[in-house]
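Okay, here's what each chain looks like letter by letter:
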Amino acid sequence: MRPFVYTQAQNPQEALSAATANETAKYLGGGTNLIDLMKEDVERPTELIEVADLKFNEIKPNSRGGFTLGAMANNSDTANHPDIRKNYPLLSMAMLSAATAQIRNMATNGGNLLQRTRCPYFYETSMPCNKRETGTGCGARNGMNALHAIFGWNDHCVAVHPSDMCVALAAIGANVQVQQANGQLRTIDFSDFHRLPGDRPEKDTNLQPGELITAIELPKPVFSDHYYYLKIRERSSYAFALISVAAGLQMQSGTIANAGLAMGGVAHKPWKLTDVEKYLKGKKPSQSTFEEAAELAMKDAKPLEDNKYKVEMGKKAIVRALTQAYERGA
Amino acid sequence: MKTVKASGIGNPIDRVEGHLKVTGRAKYASEFSVKNLVYAQGVNSTIAKGRITSIDTSEAEKQKGVLKVITYKNAEKQGTFDKEMPSFGLTTIAPVFQSREVFYYGQYIACVVAETLEQAQYASRLIKVTYEEEIPDIHLEKNKDKAYKPDDQADYSRGDMKAGMQEADVTVEQTYTTPNEHQHPMELHAAIVSWKNGKVKMYANQQILEQATTAIADTFMIPKENVQIITPYIGGGFGSKLRVQRHVIMATMASKMIGRPVQITVTRQQMFTNTTYRQFDEQRMRLGAKNDGSLTALAHHTTSHTAKNLQYYEACGTVSKMLYKTPNNEVTHRLVPLNMQCPASMRAPGEATGSFALESAMDELAWKLKMDPIELRIKNDTQIDLGADKPFSSRLLIECLRIGVDKFGWEKRKMEPGTNKDGNWLIGYGVSAASRRAPYMKTSAKVILKLKEGTVNANVQMDATDIGTGTYTIVAQTVSEYLGIPVENVKVEIGDSEFPVTPGSGGSWGAASYCNGARKACENAIAELKKKQNMAEDEEVAIVDLLERNNLSTFEAEGTAEPSEEYKKHSVFSFGANFTEVWVDKDTGMYRIKRMVNVGSAGKILNPKTAYGQIIGGLTMGAGMVIAEQTKVEPNYGNFITRTLADYHVPVNLDMANIEVVFLPEEDKIANEMGVKGIGELGITSVAASIANAIFNATGKRMRDLPITPEKLIAAEIESDVM
Ligand SMILES: Cc1cc2nc3c(=O)[nH]c(=O)nc-3n(C[C@H](O)[C@H](O)[C@H](O)COP(=O)(O)OP(=O)(O)OC[C@H]3O[C@@H](n4cnc5c(N)ncnc54)[C@H](O)[C@@H]3O)c2cc1C
Ligand code: SF4
């Protein structure tokens, strides 16, 4: 690991000024991703600013009739919080499918949003990777891409976002609250938080330099009865999703009043299926409705050389997740 | 001989070293405190083929704490291979930094030595290297024209394969593939080495000390007596610690050059590139049988790869020579040299992978014959090893299968795939037969008896190792048994190359060899003490009385046990049967292993607890072969792209099923005097086939390429002869 300075900020202002003063500083959450990447020489910050001790670890009701998750609350406390389990069981389920108990105990909500792709080329500094080193090329595009994107990719980068939590947040809808370098607050709609690679694959999100995530704001809960998070993976725990689907349904006298649907493991960002959500609204749940929803979801899929399986797997996963979500409450 | 009922052999006592381990007092290679210690870090090549054109170490050398950077420019001359592409054996030398040439991705090209590990690791990143790069050979398929027959393995055939296939009513001709896999013991490879006055003393996790000292001595061209290895505890090896790997040589060279003790610990990433692995195997199987199930022909052709400068082949076909009665048989192995690190043994080399191919093919044959796969195996049982033309010392395969049928509830299996359902789940049952050679080798031990206040204590010394298997415990039980003293009074001292020579831990020969060696030392002690008193050899007398009568407070004896003439006239194998129930999700390709039953016949079980642990570990590793284990090779650069335990998936607890392990009561006195056979590798053998066969029974899909991941299962077609 390269030498770095460790700074413990007593309050957000201190953290923000430290970050403003040093362009190559990084905030430290639980460190479960950042420290790994530093050991691999992928991230090379010259300063780590500890933010985990700041008072942003609360989970409390908000003015929208929903709940707000502190950015520094850890993933375990968040997923197991009685209010979250009751009102956003879809979020709990997704979060608890991630990593292991030990990692979830360390990982913060803010850090989870900013965890970087698991593309193996990104991790191996001797390989080309535009995300790690601009202009070196995308190793995965012409190499091994079985675990990569089928939506929204381009030749610059075909990576996927690895988070489970974020897939549930995309389905539920959320806001990310950030504090800017000048101390001002800013709210980013969750669907605008992560980005597609475009011609800046090194940028995963629309966060500006030095901005500190303070909270995630959830809307009034509507999917607390009918929900399911399906994660297809190579072993029963401690593995990232090949494909995942977060499905929430709000039922009203036998028809779908509202649907929240998003996929993981398919794109550079959590992949919200807005068209499918619209399609489902007002429909009666049935096998054929769900199958049509799956077709619609996969209509524009553009698989790479090694990940053609994701199209079929994605359809099956959507049908299964919607069915389970519906039947769970029935 | 008086048996100490509570602690002698056959009793499931707790590990005698258990407390030391769980309290962290059992010392592993990198945990010894040595004065004046410095740290070394290996630097890896980032090309797979070519040569170094420049290597700039100046920046690294400037760093605080850095003592030395070793490269091909300043390395001392070491031993050289006596031919161009020698076999990779247990005493093979491991020279480092002898030229600019790079043969594989990740080859060590430099070593940084510094006062602290952090300084060494940081400085290692600052070394700048340029290469003259060549296009590496990394695709087996594209280089098949270069395939050659390994020096150590002649082609085998008996009868007439072609005639056998023609005579058959039903045939199976299929190819099975298994990926590169890594051993990944929990404990990283490590060494602390001190070179002083031409002598080397090291703490290093080597499985076989006698052979390792030879390899190190030959690499440095010094007498073997000048090398001492100490390794009281080893945190798993699975074959990767059999041979001397290059980090040991780097640390030794560094210690010699700077005159201080040097510690090196291989990183988990380097455990992929620098400490061997199991190679990719492509196995072509051809089977023919009569309608009644009797085999008329069996051929097993394996193609795998090896390094450009060393040859190692996995003997996948061995199992097809001996497991079934077939008059016509052909077994060959071919190696394709690639720009990859030399592969080497991983738990049950040959058998683990070979049994996947053979036992899958047997299942395919059973399905084509519409015969119960258990009956097919029983039909072709043989008490003679036709490949070696010798009788088996004992073979209870049929009994293993029959007892497994009852324990598992095999009668509930549906012959037709896809017909046993529960909601979204398809349920399948699978079976496979397991066999693993049970070698037994010459082993010496020394026993030191001490009499004090009417109590006898014994120390036993041998250069054996405990790789987590339970050597301490079973040797203590043996000494307890043969001296008739409680196990608490026995102290086992192993893991030092200066102790009497044993074959070390590997190839499932450890338990049988170690215990018989210890037995012999105890027997000699008693015999010598009796002789001094002119007592009859068979006179019953307690060891305490013997010492007292001799008026001795301490007494030493050595013993050497070795295979008998009878042993050499027989084929000695352990046998077993695996039964698996899997539940496959009909849509998502995910599946769960619900139950496993393993029935084994492996001679006398020294300690059911440690033996059980071996089988559970084997079954888990076998399940790993199916669920996810694979090291992927980047097709353009030739590096392993799976490079941490986050992407090299081994099973987690949740993946593992309810496991039932049954040992048949057996004592194979031909195998050795104690009737003990190896089990360390039996447990992994054919597990993969029993799971793959269960998946077929559940889904009608034949999965011939391991691992069986959800993406492969989704893409696979149902076999055309399944309704
Ligand atoms: C082996 C392994 C398996 C895993 N499996 C899964 C899985 O299956 N599913 C899954 O979803 N995740 C998985 N994870 C990832 C895990 O969820 C993330 O590592 C974790 O959520 C990151 O949170 P952290 O607090 O540790 O972030 P850190 O590592 O501390 O930080 C990550 C990034 O966020 C930045 N940051 C942190 N906090 C803030 C803030 N408040 N404001 C601005 N920037 C900030 C840091 O500067 C850094 O760039 C796995 C991780 C590991 C190591
Ligand atoms: S997919 Fe993205 S992260 Fe992976 S190699 Fe290409 S640019 Fe890098």
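Everything below is about the structure shown above.
Residues numbered from 1 in each chain as written. Chains lettered and ligands numbered in written order. Predicted model: local features only at pLDDT ≥ 70, side-chain atom pairs only at ≥ 80, totals over all residues. Heavy atoms only, no water.

Draft legend 1. Structural view of the interface of chain B and chain A. Across the contact, 36 residues belong to chain B and 35 residues belong to chain A. Contact with chain A buries area across many residues of chain B, yet R125, R643 and E711 of chain B alone supply 19% of it, more than any other trio. Taken together, the links from chain B to chain A amount to five salt bridges. A salt bridge links D585 of chain B to R320 of chain A, with the nearest nitrogen and oxygen atoms 2.5 Å apart. Linking chain B with chain A are twelve residue pairs in polar contact (both at pLDDT 80 or more), by the criterion used here. Partitioned by chemical class, the residues of the side of chain B that touches chain A number 17 nonpolar, nine polar and ten charged. (Contact = heavy atoms within 4.5 Å. Buried area = accessible area lost by both parts, 1.4 Å probe. Salt bridge = Lys/Arg side-chain N within 4 Å of Asp/Glu carboxyl O. Polar contact = N/O pair within 3.5 Å; in protein donor to acceptor, adjacent residues only side chain to side chain. Nonpolar A, V, L, I, M, F, W, Y, C, P; charged D, E, K, R; others polar.)

Draft legend 2. Just unusual backbone geometry, in detail. Residue and element names in this part refer to chain B. With an omega dihedral of -5°, the bond running from L706 to P707 counts as a cis peptide bond. Its location among the elements puts P707 in the loop between α17 (687-699) and α18 (710-715). Backbone geometry at N534 places phi at a positive 55°, although glycine is not the residue there. Checked against the element boundaries, N534 lands in the loop between α13 (510-532) and α14 (543-549). Although it is not a glycine, S686 adopts a positive phi angle of roughly 70°. Inspection of the secondary structure puts S686 in the loop between β26 (658-663) and α17. Judged by relative accessible area, which is 1%, S686 ranks as buried. (Helix = DSSP H or I, 4+ residues; strand = E, 2+ residues; numbered from the N terminus. Buried < 20%, exposed > 50% of the residue type's maximum accessible area, 1.4 Å probe, protein only.)

Draft legend 3. Geometry of the sheet that holds strand β2 (residues 50-56) of chain B. All names here are of chain B. Spatially, the three strands line up as an open sheet ordered β4-β2-β6, and their pairing is antiparallel. Edge positions in the sheet fall to β4 (101-102) and β6 (128-133), since each of these pairs with one other strand and no more. One ladder, built from six bridges, connects β2 with β6; its direction is antiparallel. Looking at the pairing, S54 lines up with T130 of β6. (Pairing = 2+ DSSP bridges.)

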